[in-house]
Amino acid sequence: MRRKLVSSLLCMMMMCTVCTPAYADETVTADTSVTTEVAATESTTAAATTTAAQKKVQKVNKKAKQTKTKKKKANTKKKKKEKKNSKKKKAPKNSNKKDSSFVQEAPKKKITFVVKKTQGQLEKLAKEKRDAAGHVKEKKAEKKEYQEKLQMIQDFYTQWNYGAYIGIQSSSDQSLDNLNDPADQTIKQLADNLNDTELMQASMNYHFGLQDQKNILIMMDSQDSIDLQPIIEKKKASYQSSIQSIDQEIKKLKTSIQVADHSMKLIENKKSIVFDPMNLLKKSNLTKDKAKKILKGTALEDCSDYFIECEEKYGVNAIGIMAIAVHESAWGTSRRAQEDHNLTGYGVYSDSAKGINAPSKEDNLLMTAKLLKESYLTKSGSHYKGTSLMAVNESYCTSGDWAINVTTHAYTLMDRL
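Cut-off values and rules
Residues numbered from 1 in each chain as written. Predicted model: local features only at pLDDT ≥ 70, side-chain atom pairs only at ≥ 80, totals over all residues. Heavy atoms only, no water. Helix = DSSP H or I, 4+ residues; strand = E, 2+ residues; numbered from the N terminus. Contact = heavy atoms within 4.5 Å. Areas by Shrake-Rupley, 256 points an atom, 1.4 Å probe, with all protein chains shown as cover. Buried < 20%, exposed > 50% of the residue type's maximum accessible area, 1.4 Å probe, protein only. Arc of directions from axis to C-beta. Axes fitted to C-alpha atoms, helices over the stretch in contact; angles between N-to-C directions. Left-handed = near helix turned anticlockwise from the far one by under 90°. Nonpolar A, V, L, I, M, F, W, Y, C, P; charged D, E, K, R; others polar. Phe/Tyr/Trp six-rings, centres within 6.5 Å; stacked < 30°, edge-to-face > 60°. Core = buried A, V, L, I, M, F, W, Y, C linked by side-chain atoms within 4.5 Å. Polar contact = N/O pair within 3.5 Å; in protein donor to acceptor, adjacent residues only side chain to side chain. Salt bridge = Lys/Arg side-chain N within 4 Å of Asp/Glu carboxyl O.

Asks: Could you give an account of the overall build of the protein chain, with specific residues and numbers?
Replies: When you go through the protein chain residue by residue, the secondary structure sums to 14 helices and five strands. Considering only intrachain contacts with a sequence separation of at least 6, the fraction spanning at least 24 residues in the protein chain is 66%. Accessible surface, the protein chain as shown: approximately 27,700 Å² in total, 54% of it carbon and sulfur.

Have a look at this one:
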């Protein structure tokens, strides 16, 4: 019975164990714990990942910052070096680059070297040339004086025979009555003209003009006599030697003049040829030789000197005047240029206008240069608007593109150098 009772109890206990969710709270807690643990693990992993990324970004930023600093230092160093080099080597004053004023110079390839001669050096050469020319003038006057003295000696020889050169001392007791007083006067005059002390002493202490051959021979052996011919011949030789010396000095002076003149021409020829359409009063530095070269082969070639004359006389840029003539006369071939000598369109306000003509091309160019200087390029002028071609265009020509065309022709002319 006991055994049955125990067995029953055991069976009941087993059934309770299977049916009742024993330890339910523990099971839930366990699940929650697992979930929390997983979340914590994921959070830790994410935090670790974030920290690593941040470190990587910081490392990249630090590296970029270092690179930027290095570049900045390199650029600063480069700028300092460039600045230092720019101080050592300055850019040339004359540049082929056109600025806003369209100033253009002759192409540098046409210039053999950049001239460093200043206007002061040109003036120095000019002074040397003038001084040398002055010395030449003085030497020529001195030479002329010696030549005149030689001519006086020659005239004396022609006027008097040998006996007149023999003189007897004034205090001599020699009884020679055939002395010729005119010879004495001639000797004195010769001494004065030659300004010779020795001859002056002789003319005062001796009488001349012996005519008798016998007396001449006697006096030649006398201690109281004097023969002027050797003295005069010595003077003559001295004058001739002086003339030769003067000729050599004149030759040297003329050579120095030629050298100075050549040096001045070299300096002038090496100057940059300038045309500035913004200022027609700026000097072109054009020489006659270069003007002829520019116009060679054109109908204006025979006028090359006139353009230089315009600049020298009125100060208007020679290239500018030349370009106006090229434009208005079609390089000197137009009817007005050929028949009326009107190269610059002076007074030609329309195709039917007769124009204000001149008797020659030279007169036309000079007349135009004078008009431009006095009426267009001087502030008190009746048509003054400024010194540029555009300013001249306003009153000189009705065409609005006149200044542009003239400027184009000016640059074309300079390209012909």
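Asks: Report on helix α9 (residues 304-314), specifying residues and quantitative values.
Replies: Within the sequence span of α9, burial applies to Ser304, Phe307, Ile308, Cys310, Glu311 and Tyr314. The buried residues of α9 occupy an angular sector of 165° when the element is viewed end-on, so they sit on one face. Residues of α9 that are exposed and angled more than 90 degrees away from the buried face: Glu312 and Lys313. A positive phi of about 75° marks Gly315, the residue just after α9.

Asks: Got a sec to walk through the packing of helix α10 (residues 318-329) against helix α12 (residues 361-376)? Specific residues and values, please.
Replies: Helix-helix packing: each pair is described by the crossing angle between the helix axes and the interaxial distance. Taken N-terminus to C-terminus, the directions of α10 and α12 make an angle of 120°; their axes are 11 Å apart at the nearest point. Here α10 runs over α12; the crossing is right-handed. Together, Ile321, Ile324 and Ala325 of α10 and Leu365, Ala369 and Leu372 of α12 make up the contact between the two elements. Residues belonging to the contact of α10 with α12 are distributed by class as follows: six nonpolar, no polar and no charged.

Asks: Explain the environment of Ala260 residue by residue, including any values.
Replies: Along the chain, the position of Ala260 falls in helix α7 (residues 228-270). Ala260 has contacts with Leu125 and Lys129, leaving out every residue within four places of it along the chain.

Asks: Can you explain the packing of aromatic side chains? Please cite residues and give values.
Replies: In total, this model carries five aromatic pairs according to the counting rule given. Taking 5.8 Å as the distance between ring centres and 35° as the angle between the ring planes, the aromatic pair formed by Tyr146 and Tyr239 counts as tilted. Remark: Tyr239 occurs in helix α7 and Tyr146 occurs in helix α3 (residues 119-159); sequence separation between them is 93 residues. When its relative accessible area of 7% is taken as the criterion, Tyr239 is described as buried. A ring pair is formed by Phe156 and Tyr157, whose centres lie 6.2 Å apart and whose planes are at 50°; its orientation type is tilted. Tyr157 sits in the buried class, given a relative accessible area of 16%. Three or more aromatic residues joined by ring pairs form one cluster here, namely Tyr376, Tyr396 and Trp402.

Asks: So what's going on with the nonpolar core? Which residues, and what values?
Replies: Within soluble globular proteins, side chains that are nonpolar tend to cluster in buried spots. In terms of nonpolar packing, the biggest core is built from 43 residues, with Leu286, Phe307 and Leu372 touching the most fellow members. Mapped onto this core, the elements with two or more residues apiece are α8 (288-295), α9, α10, α12, α13 (389-396) and α14 (402-415). Take this core: its biggest share by element is eight residues, from α10. The contact partners of Phe307, leaving out residues within four places of it in the chain, are Leu295, Ala318, Ile321, Met322, Ala325 and Leu365. Counting 29 residues, the second-largest nonpolar core is a separate cluster that includes Tyr157, Ala164, Leu190 and Leu228.

Asks: I'd like a description of the side chain of Asp276, backed by residues and values.
Replies: Within the element layout of this structure, Asp276 appears in the loop between β5 (274-275) and α8. A polar contact is formed between the side chain of Asp276 and the backbone nitrogen of Met278, at a distance of 2.9 Å.

Asks: I'd like to hear about the pattern of salt bridges, residue by residue, with values.
Replies: With the rule as written, the count across this model stands at ten salt bridges. Between Glu339 and Arg335 there is a salt bridge, with its nearest N and O atoms 3.4 Å apart. You can see Glu339 and its partner Arg335 sitting in helix α11 (residues 335-340), four residues apart, about one turn around the helix. Residue classification places Glu339 among the exposed residues on the basis of a relative accessible area of 56%. We note a salt bridge from Lys370 to Glu374, for which the minimum N-O separation is 3.0 Å. With Lys370 and Glu374 both in helix α12 and four residues apart, this pair spans about one turn of that helix. Take Lys370: its relative accessible area is 35%, and that puts it in the partly exposed class. Via salt bridges that share partners, Lys139, Glu142 and Glu249 belong to a single interconnected network.

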